[in-house]
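Tertiary structure, described
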Amino acid sequence: FSTNPSLMAYESIRTRNKTQLKYIIRPHFAMLRNLRILSLFASSSSFIIHSTAHKATLATAGTLQLLNSNSNTKKMAGPATAVDHTDKTGAFKRVESEHRHIISKENSTYPPEADRYHLHIALACPWACGVLSAVYMKGLDKVISHSVVHPTWGKTKPDDDEDGHHGWVYRKPDEEPMTNPLGHGSFPSDELCQPDTFTGAKTIREFYNQCGDEVGPFTTPVLYDKKTKTIVNNESTEIMRMLNSAFNDLAENPTLDLYPSDVHDQLQQLSDETIYPKVNNGVYRCGFARSQQAYDEAVVQLFDSLDLLEEKLSKQRFLGGDVFTWLDMRLFMTLVRFDPVYITYFKANEKRLVDYPNLLGFVRDVYSKPAVKKVISMRHIKTHYFTSHPVLNTFGIIPAYNGPDLEVASGREKMSSTL
C-alpha cells in the first residue's frame with residue numbers, strides 16, 4: 001500500500017488502541033480493490049483514507065462514504081451538514097431552513113407565552129448570535145430560555161462507527177476538552193457552554209431527531225416549544241422578527257422596533273440584493289467553494305459589496321439612517337468575524353475590515369451596545385471555524401489574530417442621517 005507511487009503516508013494515529021495509517025490519495029478508485037473497507041473523506045481535489053482491518057473509522061461529516069472490497073460505493077455514512085452543499089460548478093449553495101412555524105397571538109398552536117420557548121444557540125454562528133442579541137435587546141431573556149453548544153464540531157453519534165456526521169454538540173463547562181474531527185488539538189469547554197437541560201439532548205442532531213427530523217441539516221439557531229416538544233422555527237430571520245413583535249406584552253423593551261416600517265422596503269431590498277447573498281452568505285461562498293471559478297465570482301461580489309457599504313456608511317450611522325435595525329445586526333455579525341476568521345479561513349483577503357474606516361467604525365459602534373457585546377465570544381468564534389472543518393484546517397491550529405480592537409470609541413453617534 002505505502003509503496004504505491006500514487007499514495008503517500010500522511011501520519012500515524014492511535015484509535016481505540018489500534019494504530020491506523022492515514023493516507024492522501026488522488027481519486028483513482030481502481031487502486032482500492034484490494035482494500036477491505038475504507039472510509040473516504042472527499043475534498044475538492046484529494047481524499048483522506050483511513051485503512052482498517054474491519055469497520056471503517058469515519059473521519060468527519062457529510063462527505064464520507066463506505067467502500068467494500070469490490071469498490072462498490074455504499075450509501076453516504078451520516079447526513080450532510082449545512083456546509084456540504086455545492087452545485088456542479090463548485091459553488092456553495094446554502095440549504096433553506098425546513099421548520100417555519102410562526103409564533104403569534106393568532107396562532108393557537110404557538111401563541112406567545114413566558115417560559116414556553118427555548119433557543120438552541122451556537123455563539124460561533126453569526127445567525128444564532130444575532131437572534132440571541134435580539135433576545136437581550138428586547139428584554140426577553142427571562143421569557144425565552146437558551147442553551148449554548150461547544151464551539152468545536154463533534155461526532156453526533158459517538159457510539160456508531162459507521163456514522164461519520166460531525167456537528168454541534170453540548171458540553172458542560174467542566175467537561176474534558178474536545179479534539180477536532182480528526183483527533184487533533186485540545187479545545188476546552190468554558191463557562192459560556194450551557195447544555196440543553198430540557199430535552200437532555202447531547203447534540204443538536206439528537207435534538208432534531210427527538211423532534212422527528214432525521215435529515216437536517218442540523219443548524220442553529222433553532223426555536224423549540226417545550227410544551228408541544230416540537231421545533232417551531234430554525235430560520236434566523238423569522239425568529240428575529242418574532243422576537244421583535246410577538247412577545248411585546250412580555251418584553252422589558254416592548255417599544256424597541258428592529259423592523260421600522262418607514263425603511264422596511266429599502267432595507268429588504270438591500271438585504272435581498274447585496275447583504276445576504278454577497279456578504280453574509282458571500283463569505284461562505286468564498287470559503288466553501290470547490291472550484292476557482294466559484295471562488296472568483298464570490299470574492300469579487302463580496303468586495304464590490306463591501307466597497308458599496310463603505311460608501312453608504314460614510315454618510316449615515318446605520319444602514320437605514322439614524323436607527324439601528326435588524327439589517328445592521330446581520331451585517332455586524334459577519335463583519336465582526338471578518339478579520340479574525342474570514343480573511344484567513346475563507347480566503348476573503350482582498351482587503352481587511354481595518355482597510356474600511358467606515359465599516360470598522362460601524363462595527364465598533366454596534367459592538368458598544370451591551371446586548372451585542374454580551375453575545376460576542378472571539379474564543380467561540382475562532383475555535384469553531386478553525387477546528388471544525390478538517391478539509392480546510394487539518395490540524396485545528398487557531399491563528400493568533402483577534403481582529404481590530406473593538407473597544408475603541410467609534411464616534412459615529414455624532415453622525416446625522418442623510419437619507
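An account of the accompanying structure is given in this report. (Residues numbered from 1 in each chain as written. Predicted model: local features only at pLDDT ≥ 70, side-chain atom pairs only at ≥ 80, totals over all residues. Heavy atoms only, no water.)

1. Some words on the overall build of the chain
Defined as follows: Secondary structure is summarised from DSSP: a helix means a run of H or I of at least four residues, a strand means a run of E of at least two, and numbering begins at the N terminus for each. Relative accessibility thresholds used throughout: buried, under 20% of the residue-type maximum; exposed, over 50%; partly exposed, between the two (1.4 Å probe, protein chains only). Contact criterion: two residues are considered in contact whenever any of their non-hydrogen atoms come within 4.5 Å of each other. Note on areas: Shrake-Rupley with a 1.4 Å probe; residue coverage comes only from the protein chains shown.
Within the chain, the secondary structure is distributed over 11 helices and 11 strands. Taken over 419 residues, the chain has a buried fraction of 56%. When contacts within the chain are restricted to residue pairs at least 6 apart in sequence, long-range pairs at least 24 apart make up 67% of them. Carbon and sulfur atoms make up 49% of the accessible area of the chain, which totals about 18600 Å².

2. Focus: the packing of helix H6 (residues 292-312) against helix H9 (residues 357-367)
Defined as follows: With axes taken as lines fitted to C-alpha atoms, and helix axes fitted only over the stretch in contact, angles between N-to-C directions fall between 0 and 180 degrees. Convention used here: angles under 35 degrees read as roughly parallel, angles over 145 as roughly antiparallel, angles from 65 to 115 as roughly perpendicular, and any remaining angle as oblique. Residue classes follow a fixed rule: Ala, Val, Leu, Ile, Met, Phe, Trp, Tyr, Cys and Pro count as nonpolar, while Asp, Glu, Lys and Arg count as charged, and any other residue, Gly among them, counts as polar.
Taken N-terminus to C-terminus, the directions of H6 and H9 make an angle of 75°; their axes are 8 Å apart at the nearest point. On the basis of the axis angle, H6 is roughly perpendicular to H9. Here H6 contributes Leu306, Leu309 and Glu310 to the contact with H9, which in turn contributes Pro357, Asn358 and Leu359. Here the residues of the contact of H6 with H9 are counted per class, giving 4 nonpolar, 1 polar and 1 charged.

3. Let's talk about the sheet that holds strand S11 (residues 230-233)
Within a sheet, adjacent strands bond to each other through the backbone by hydrogen bonds, running parallel or antiparallel. Let me state the cut-off plainly: DSSP calls a pair of strands paired once it identifies at least 2 bridges connecting them.
Pairing is mixed across the open sheet formed by 4 strands, whose spatial order is S7-S6-S10-S11. Of all strands in the sheet, those with a lone pairing partner are strand S7 (145-148) and S11, marking the two edges. On average, each strand axis in the sheet is tilted by 35° relative to the strand beside it, whichever way the strands run. By the bridge criterion, 4 bridges tie strand S6 (residues 117-121) to strand S10 (residues 222-225) in an arrangement that is antiparallel. By the bridge assignment for S10, Tyr117 is matched with Asp225.

4. Examining the environment of His150
Put simply, the rule reads: Under the rule applied, a polar contact is a pair of N or O atoms within 3.5 Å (in protein, one hydrogen donor and one hydrogen acceptor; residues adjacent in sequence only if both atoms are side-chain atoms).
In this fold, His150 is placed in the loop between S7 and strand S8 (154-155). Of note is the side chain of His150, whose polar atom sits 3.0 Å from the backbone oxygen of Phe187.

5. A short note on the environment of Asp262
With respect to the helices and strands, Asp262 occurs in the loop between helix H3 (236-245) and helix H4 (264-280). Sequence spacing of Asp262 and Gly320 is 58 residues, and the spatial spacing of their C-alpha atoms is 9.3 Å.

6. Side note on the nonpolar core
Heads up, the condition is: Definition of nonpolar core: a set of buried residues of the types Ala, Val, Leu, Ile, Met, Phe, Trp, Tyr and Cys, connected through side-chain atoms within 4.5 Å.
Grouped together as the largest cluster of nonpolar side chains are 102 residues, with contacts concentrated most on Phe332 and Ile376. Not counting residues within four places of it along the chain, the set of residues in contact with Ile376 comprises Phe332, Met333, Val336, Tyr367 and Ile381.

7. Regarding the pairing of S10
What you see with S10 is no split at all: Val222 and Tyr224 on one side and Leu223 and Asp225 on the other are buried throughout. Relative to S11, S10 is paired through 3 bridges, and the arrangement is antiparallel. Across the sheet, Leu223 pairs through a bridge with Asn233, a residue of S11. Adjacent in sequence and paired antiparallel, S10 and S11 are bridged by 4 residues, among which Lys229 carries a positive phi angle near 60°.

8. Considering the pattern of salt bridges
Short version of the rule: One speaks of a salt bridge when a side-chain nitrogen belonging to Lys or Arg is within 4 Å of a carboxyl oxygen belonging to Asp or Glu.
Counting across every chain of the model gives 13 salt bridges. With a closest N to O distance of 3.2 Å, Asp115 and Lys226 form a salt bridge. Placement of Asp115 in the loop between strand S5 (64-67) and S6 and of Lys226 in the loop between S10 and S11 is noted, with a sequence separation of 111 residues between them. For Asp115, a relative accessible area of 56% translates into the label exposed. Ionic pairing is found between Asp163 and Arg205, a salt bridge with its closest N-O pair at 2.9 Å. Within this pair, whereas Asp163 is found in the loop between S8 and strand S9 (166-167), its partner Arg205 is found in helix H2 (residues 204-210), the two being separated by 42 residues in sequence. Taking the relative accessible area as the measure of exposure, Arg205 reaches 6% and is therefore buried. Taken together, the salt bridges that share partners define one network made up of Glu113, Arg116 and Asp225.

9. Section: the packing of helix H1 (residues 126-138) against helix H7 (residues 326-335)
Note the following rule: Should the near helix be turned anticlockwise from the far one by less than a right angle, the crossing is left-handed, and should it be turned clockwise, the crossing is right-handed.
Put simply, H1 and H7 touch, their axes get as near as 9 Å, and they point 130° apart. When the interaxial angle is binned, H1 and H7 end up oblique. Considering how the two elements wind past one another, H1 and H7 form a crossing that is right-handed. Along the contact surface, H1 presents Pro126, Trp127, Cys129, Gly130, Ser133, Ala134 and Met137, while H7 presents Met329, Arg330 and Met333.

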